[in-house]
Every structure is written in structure tokens, then in C-alpha cells.
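Next come the chains, spelled out residue by residue.
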Amino acid sequence: MDHFVLQTILLYTALCFSIYQGQETQEFLPTFLKVSKNLSMQRLLVEWDVSDLAHKFELEMVFDIQVSRSEEMNVVWTEYYNTTLSKLNKTLHWSWDSELPLECMSHSVRIRSMVNDERFSKIWSRWSQWETVLGLDTSDDNTSYIFPEDKVVEEGSNVTFCCIGGKDSRILNILFNYTDYYYPDSNTSQRNMVITRNKVLHAEMPDIPVICNISGKGSKNYSATLLYVGKRPYEPKDLSCDTRDMKTLTCTWNPGENTYLYGSHSTKYHLFERFSQKTLCYQKTATYLEPIHCSWAIDQQMIYNLTLTAQNALGERSANFVLDVAQRVHPSPPSDLSVEHMKATEVSLYWSMQPKHKAIKLLCQMENRHPSGQVELHNSSVVESNSYPHLTLGGLLPFTNYAFRMRCGAASHFWKWSEWSKTLRVRTNEAAPSGKLDVWREVTPVWGGRNVTLFWKPFPDFRANGGSISFEISWEKLENASEPEHISISALQNSTTISIDNHSYKVSVAARNNITSSLPSVMIISRATDNGAEEKVDHTDLEEERVNGTVDGIYISWKATNAFDGYIVDWCNFPRSQHCDFQWKRFDFNTSSCLINSAAFMPGVRYSFRVYGSLANEDFFLGKKVGYTKELDGTVLCKYTIENPEEKRYMVKHLVPGTTYALAVTAYTGGGETPIEAYIYVDTPHDSKIYLLVLLVIIHFVLSGVCFWNIKWVKDCCCSEIPNPNKSKVLSFNGLKLNSEAVMKLNDCIPDTIVLENTSEANTLQLWSHGTILESESKVINPSWVYFVQNEEGDLMCTQSAPEACTSFENLAYSSQTALGSSLYQNLWMSEKSEPQLSILLYQPQHYIEILSKDTVPSLREITEREGSLRYISQMEVPRSEVKLSDLPHSTEPMEHSNDKIQTVLGSELVTSTSDEDVHSQDSSTSSNSAVLLLLGRH
């Protein structure tokens, strides 16, 4: 022992000597360096020590710690660790959390130290040797890995993944959440790959898959892991504890917002009681939408100090709560709710409560729901939970359905109401009808009396107060005592018709149920002669007063007097319908106007209103008003009655095209029609026939224009214009005028060569002259061309194959209409005596003709025939009587070919001239060869 003390003194002396000597090279090199890893926490654990002398002097020291990865010893972390050495603890500890899974790579640690003391120089010691923990990337295993495995991270964090291939394998890619591919860098090892995802977000699925695809000799060609992204737990909300039976205490809370962590990673809750130091319950979150419950037996403890902790892999939250069980009583809902001693206006309700083993003072509340939806709440007196309490409710309506339910709460230290009990539905008993009916009538004269249609409806204060309702009607004559007449009407009706004579009658109407009848409503029907207006109750002879209508209704007014105790206005909601829905309304004696409105009123419908004054149940007609809610111009209202109630379709016919119609469907019964809630508007299409007609007219005009243009074009191209002789210069002379038209003289015109084609058959020409038939036959044996030429003496000569007589003629196209107004053929009639026909062309303006025989004409000179050529004969003056061809001027010059018709006349003998009245004509068909005769009339 003395030896140890001596040694310590010597060391201390040496240390002090070295300090005082200012030895600046003094260092305390870290020793016994040891590195390990906690894979579940991905944490490096480092242990080391220094010399005993440093501990003895309790020096303040600084350690420089470096962490490196891979074989190249790349430093990834540097940290300065400050501590004061202790004589009791020689070993020093430090830890480091790695973002990269420690399995992925080898990690090495080295340390150096420095004394942070003024007595020593602040010089770093030498570095310790690297202490390494190996990763799986150095193993000779053929198995592939991916890290971290099933890691839970907070949303918004950065996560690093690494994939390690087996021996002799190569990483192809890493697939994140089936969407993003990552490929290895060609400059790095193909067996190890690292990726980092920044600010990860939770997915719709509970987990995110990460897959590493590998090629090589391993048993699998991929490795996979799951990533869970969530949030820290929220502080529990709405923490509440209560008891229902003073035996069990139940606490309830809401987990708060969704943490997106489920299953084994979901939030766990611990309820800890501090007084008893007990964990009362342990619960997991099933779903963040549902409250969480925790129950335990109360025993004798009444005061609790509770701490509720929510915890998951990302952190924890806590909430504290102190309660007194006596102030947290939440009773169970009442049960066995029933009715006893029910009357028409009163009912007694009974129920039972919990707990039975211990009496708790309770305050109960009854809810009474009326058929109208009105709700009434009634509180009971304080009752014991182990008793059989009841509550009596009054002021109810007879024969009315009510719904009752009950709830209770603690009378002292009220905490909350219990849940409602099951609903109990009851109907009160029947009673006599209350109130009276509003009765009105319509009187119609008939032979020997009157028909009175009675209408009734309940006043606002009327109640039937029972079932099996019927209406009792009685009437009796007022002048002579007689037995009243009675009828009973079903509750389904609100009107009936009775027949009375012309005397005064008292009519009573009352409602009856299974108990008794209501007070009767009385009405006096006056004698037919007492009130002149009653004799013609339709009042068609009275002047109608027009009233104004608005969108809100029709305004009615009358002159109010003290003679009446009230007024009545009646009308029909549907005046055009067989079910007019008769209506009436009563007014006080001091009312002189009203606004009548109804959902059934429609624009364009004329409504009639009758105003009556009432006195002592007797009514007096005051006037008739008519008006519209809105007058429509050009609007027609049509109604169609569908008798079959099963019918669901109806076709409206005979509508006008291009018109808007408003349609509505109403239901009707004996009581009238339902109001019209809305119209549907339908636009009928325009008539397609109109469009077709317009189209046909357009097509007609287009085709007519095209045809006119084409005809004009064809005419201009194929037919030359026929000259108008009235515009010819040869007519510019002072000669004969016929109906203001100039007639050309023959000696003013020199004709061209005349060509005639004869037929081989003989033709007979029959003419009338002053009622005498003149016959002239001319036979052409052989068809030939006939040419008229001028001989040396200046006479025209006719030459042909057969020596037949020749006659010149004028062009029919140049004929003018004379004042006679006759048609082209009115002066000529041709009879057919042989098969060949003679086509006769007439020159209408002339009144006589001369046929020149060959004996009177000099011989014609031969001319050379021109095959296929045509000759043109100019218009000539009509010859006078006894004029021969030799006397006519002529020209021997041939004329060029013309498109006009060849003008020829064949004549055989001189024919006596005839008048227009003696000539008749008949059309005949023409052949290619024809004989033509020119008839010249007298001037």
C-alpha cells in the first residue's frame, strides 16, 4: 500500500514538474478504441479511453471524431466532442446516427484529442488507428439485399436506400413506388448502389415499395423493401370520462387527424393513473375517424388523475385529465316506456331506469311530437333510478296521433342527458266534434221549385275529434210547420243537392263522428218571390261590373252598409270546366273589398264573382263582378277531359305550326281540380309543305330562266332573224295603206328566181266565191323543180319537166294581220280527193287571186339547175285584178342561199276571186313534197 502511494506521489510530482516546465508536447492519445453498430436504430456506437493520468487530474478535453465510408476512407462526418474526465469513469462513449443504412458499406472511426486547459498547450494529439465495422458489401455471400428494411419515416424527410448485390452479381436499377427508375453510375461499383429520395410524401397505399433489380448468379433477381411515410401522433382530443351505473368508468377520446400509419405502425394509446400508478388500459387506433373507448372497474376510488399518451414510431403526445366520478354520471336511456290512463286530452306515461342496485336521483324529460311536426318538452320531478316513475301530460287534442320519447340526467352535478328512449306512438281517444262548418249554397230554378246545391268546409277552429266522420243535412219549410227532411253524406263529399219548392227553408249542416254531432250550421233559403234576384239566380239580366286583376289576384269591392252582419263572395276556380271547383269566402260586416287569389287562376280566363250580404243566416245578392288576372290578346285556352284515370298519355291534335303552347295537367274529383303548379312550353315546328312550295317556286323560276336563256341562245345560233318588212327601205314610199301598214307595189320590187317542187299526184282545189264552188284541177305528172326566170322580152317564164301552168306567190312569213282579223286558214278549205295532199299556204291580207295559165305567159327560158340550192323570192305587192306575170317587174339575178323557207305557188288555171266569207279551210298534214296555192283576196 505504501508502495502504491509512493508511486502516485512520484507521478503527480512528475506531472507537476512537466507542467511547470512548460512542456508543450504533452498529449493524451485515445486508446482502446472500439466501434460497434445498432442496426435497429442505424447507429454507430464508439468507445475509447485516455491515460489514467488525465483521469486523475480530471482534465477538460476535446476529441475530434471522424467517420468514413468505403475502402477509400472518405470522411463523411466530423464532430468535436467536449467532456471533462472523471476519476470514476474511465471509458468514454459517443454515438452517430447514419442516414445510409450501416449494412450498405463499411464504416470506420478515428479519434484525436486535445487538452482544453490553460496549463497545457492546445495541441492535437496524433490520430488513432481507423476502427472499422464491415458492411455486407464485403461479404462473399451470393444473397442480394436492400436497406433499410421496412423503415418508418416522417413525411417530408429524406430517405437513403442502398442495394447490395451478391457475389458476382450486378445491379440493374432501383424502382421506387413502381414509377421512378434509378440506374447505377458507370463510375461506381456495380455491386453496390445508393439512392436518396428527398421530402417523401405519404401515398394512398399504406406503404411504398422499393425494388432492386439484379442480374447474376444469386437465387433471386431482385430484392425489395417497404417504406412507411406518416406523421407524428396528434394530441388526443375531446377526452371525456363518465359512468352509467357507478360500477364502470369509461373514457372516450378522438385520435385526431390521420397519421397515415396503419397496422403495427399505427398509434398506440396508454392510459395511466398517477395516484394508483397503474396503467388502466392499452388501445390501438383502428381508424382515425372513430372514437376510442377505454373502460375499467371503479372499485372504491372516486378521484382519478389520468395521463393519456399517444405513441407511434415517429414520436408521442400526452394529455392529462382529473375527474370526480360522482360528477360524471351519464345515465342509460330509459326503457319500458308505456301509456296508462289515456283519455281524449290526457295521457300518463311510465318508464324504468338503471341502475337498480344503487339509487341515483335523476331528472327526466319527455318529448311530445305533434302530427304537424311541433315538438314540446316536458320535465318530470326528481325520481330515483330504482323506482318506477311516471309523468302525466294534459292539453292534448282528441283523436290525434302523438309520438313520445324520454331521456334522463343526474339531478345533482348534471353532466349530460342520456340517449333518447325508443319512441312510443299513441292516439288519444275520440271526443265530440268541436267548432262548426262553413256552409254555402247555389240555387238553380227548376220546374215547380228549386235545386239547392249545398257546399261545406270546416272553419279554422273546427275539429272532427274522431273517426267515421259523416255529414248530416236537414231542411224544413219555414211558412208551414212540417217534418224536417234528413240525409247523411259520406266524409268523402263536401257537397250535395236537395230539391225544394218556392217557399222559405231552413237548412242545417253538422258533422258527426262515433261520439256525437257538432253544432249545426244554419242557412235560410228565401222564398223565390221574396227576393227578385232569387227568381233568376244566375243573374244574367243584371249588369256585370268589370274589376281589375293583377298577378296577385283579382280585386273585388262592394258598398258596405249597416244592414248586413257579413258578406260572402263566391266564384269558380275553373269556370270552363265541368268541375268548376266552386269556392266562397266570408268577410266581416266592416269589410268592403278583398283580393281574391288562387293558385288555379290563369291568364286569359274570365272569372265571375257574386257578392252577397248576410243577415241572420239569410243571404241577399248584391252584384256580379267579372275580371281577368291578365287579359291575353290572341291567346286561346283549350281544355281536354281525360275520363280514364289510368291514362298516362294524351295527344293534342290540330295545332298551328310555328306556335308556342303552354301545357299543364291537373287532376280532378267531385271536389274540384288540383291547382296548376307549373306549365311546360312546347314550340311546334314550322310546316315542311311551305318550305317545299317555296323550293318548288324557286326551282321553277331557275329552270324557266335557264330554258329561256337556252332557247334564245339556240335561236340566235341556229335561226337568223326574219326581217321586218315594215322596217325595209323598199316600203318607204307613198303607196297603198292597209290598216296603217304600207303595201309594196309589184313594180317597185324585182323578184329573184322562183323554185317550185311539184307532187306527182293531182290535187283538187275547191274555192267558194259568193257562195259558188269553183273547181280547178291541176295535175303534176312528174315532180320537178320549177324556175321562174325573165326572158329577153322581160317576161317571167316558167319551166319544168312537164308543161304545167305556173304561178308566183308571196312568202307567208311576211304576211300581216289585216283588219278582218281572220285566222290564217279562215278563207280556205281544202278537200282531199286523192291520197296525195295539197298543202296550201295562204297570204292572208289579200282579198283576191289570179291564177295565170301557161297560155297567158310567155315561154320560160331555161336556166341551169343548181342542186341543193334554194332561191329567195322577195315580198311583192298584191297584184290588181287582170294583172299577169308578164306585167310584173322582175330580175334574172339569182340570190345567195338563205335559211328562210322556199316560197312557191303552183297554179293551173285562172280562178275567179272570192270573198273572205266564202272561204273555209281545214288543216291537213304535209309531206316532204307539197303543192302550194296562194289565194289573193280583193282590196
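Residues numbered from 1 in each chain as written. Predicted model: local features only at pLDDT ≥ 70, side-chain atom pairs only at ≥ 80, totals over all residues. Heavy atoms only, no water.

A.B. asks: Explain the overall build of the protein to me, please; I cannot follow it from the model alone.
C.D. replies: Across its full length, the protein holds four helices and 56 strands. Classification of the 939 residues of the protein by burial places 41% in the buried group. Across the protein, every contact between residues at least 6 apart in sequence was considered, and the portion connecting residues at least 24 apart equals 68%. With an accessible surface of roughly 53,500 Å², the protein has 51% of that area assigned to carbon and sulfur atoms. (Helix = DSSP H or I, 4+ residues; strand = E, 2+ residues; numbered from the N terminus. Buried < 20%, exposed > 50% of the residue type's maximum accessible area, 1.4 Å probe, protein only. Contact = heavy atoms within 4.5 Å. Areas by Shrake-Rupley, 256 points an atom, 1.4 Å probe, with all protein chains shown as cover.)

A.B. asks: Could you clarify how one ought to interpret the sheet that holds strand β32 (residues 449-458) in this entry?
C.D. replies: The strands making up a sheet are joined through hydrogen bonds of the backbone, oriented either antiparallel or parallel. Pairing within the open sheet is antiparallel, and its three strands lie in the order β31-β32-β35. Each edge of the open sheet is held by one strand with a lone partner, namely β31 (437-446) and β35 (495-500). Each strand axis lies, on average, 25° off the axis of its neighbour in the sheet, ignoring direction. Strand direction decides the pairing type here: β32 and β35, joined by six bridges, are antiparallel. Within the sheet, the bridge partner assigned to Arg-450 lies in β35 and is Ile-500. (Pairing = 2+ DSSP bridges. Axes fitted to C-alpha atoms, helices over the stretch in contact; angles between N-to-C directions.)

A.B. asks: I keep staring at the nonpolar core and nothing clicks. Help me out?
C.D. replies: Across soluble globular proteins, nonpolar side chains have a tendency to be buried as a group. Leu-271, Trp-296 and Leu-306 are the most contacted members of the largest nonpolar core, which has 42 residues in total. Looking at this core, the element that brings in the most residues is strand β29 (residues 401-410), giving five residues. When residues no more than four places from it in sequence are discounted, the contact partners of Leu-271 are Cys-251, Lys-278, Thr-279, Leu-280, Cys-281, Cys-294, Trp-296, Leu-306, Thr-307 and Leu-308. Phe-455, Ile-489, Ile-498 and Met-523 belong to the second-largest nonpolar core, a separate cluster that totals 27 residues. (Core = buried A, V, L, I, M, F, W, Y, C linked by side-chain atoms within 4.5 Å.)

A.B. asks: Whenever I open this one, the pattern of salt bridges confuses me. Can you help?
C.D. replies: When the charged atoms of two side chains with opposite charge come close together, those side chains can pair. Scanning the model with the defined rule gives 20 salt bridges in all. Arg-112 is the partner of Asp-64 in a salt bridge, and the nearest nitrogen-oxygen pair spans 3.1 Å. Placement of the pair is Asp-64 in strand β3 (residues 60-69) and Arg-112 in strand β6 (residues 107-115), with a sequence separation of 48 residues. Given the relative accessible area of 2%, Asp-64 is considered buried. Residue Arg-606 pairs with Glu-544 through a salt bridge whose shortest N-O separation is 2.4 Å. Of the two residues, Arg-606 is situated in the loop between β43 (593-596) and β44 (607-615) and Glu-544 in strand β38 (residues 544-546); the sequence distance between them amounts to 62 residues. Exposure remark for Glu-544: the relative accessible area of 33% places this residue in the partly exposed category. Shared partners join several salt bridges into a network, and the residues in it are Glu-367, Arg-369 and Arg-405. (Salt bridge = Lys/Arg side-chain N within 4 Å of Asp/Glu carboxyl O.)

A.B. asks: Sorry if this is basic, but what is going on with the side chain of His-107 here?
C.D. replies: By the element assignment, His-107 lies in strand β6. Engagement of the side chain of His-107 in a polar contact is seen with the side chain of Arg-69, the distance being 2.9 Å. Of note is the side chain of His-107, whose polar atom sits 3.0 Å from the backbone oxygen of Met-105. With sequence-adjacent residues up to four places away left out, His-107 is seen in contact with Leu-44, Val-67, Ser-68, Arg-69, Trp-96, Ser-98, Pro-101, Leu-102, Glu-131, Thr-132 and Val-133. (Polar contact = N/O pair within 3.5 Å; in protein donor to acceptor, adjacent residues only side chain to side chain.)

A.B. asks: How should the packing of aromatic side chains be read in this particular structure?
C.D. replies: Any pair of aromatic rings gets described here by the distance separating the centres and the angle formed by the planes. Per the stated rule, a full pass over the model turns up 26 aromatic pairs. Each ring, one from Trp-456 and one from Phe-471, has its centre 5.3 Å from the other, and the planes form 50°; the classification is tilted. With a gap of 15 residues between them, Trp-456 in strand β32 and Phe-471 in strand β33 (residues 470-477) connect regions that are remote in the sequence. A single burial state applies to Trp-456 and to Phe-471, both of which are buried. Over the aromatic face of Trp-415 sits the side chain of Arg-328, whose NZ or CZ is 4.2 Å from the ring centroid. (Phe/Tyr/Trp six-rings, centres within 6.5 Å; stacked < 30°, edge-to-face > 60°. Lys NZ or Arg CZ within 6 Å of the ring centre and 35° of its normal.)

A.B. asks: Before we go on, may I ask you to explain the environment of Tyr-222 in this structure?
C.D. replies: Within the secondary structure layout, Tyr-222 lies in strand β15 (residues 222-230). The partly exposed category is assigned to Tyr-222, whose relative accessible area is 41%. Along the chain, Tyr-222 and Ile-146 lie 76 residues apart, while their C-alpha atoms are 9.2 Å from each other.

A.B. asks: I keep staring at the sheet that holds β43 and nothing clicks. Help me out?
C.D. replies: One open sheet accounts for three strands, arranged β39-β40-β43; its pairing is antiparallel. Edge positions in the sheet fall to β39 (549-550) and β43, since each of these pairs with one other strand and no more. Of the pairings in the sheet, the one linking strand β40 (residues 553-557) to β43 comprises four bridges and is antiparallel in character. Bridge pairing in β43 links Ile-556 to Cys-594.

A.B. asks: Would you mind showing me how to read the pairing of strand β1 (residues 31-38) here?
C.D. replies: A regular strand places its side chains so that they alternate between the two faces of the sheet. In this structure, β1 lies alongside strand β2 (residues 43-49), joined through six bridges in antiparallel fashion. Paired with Lys-37 across the strands is Leu-44, a residue of β2.

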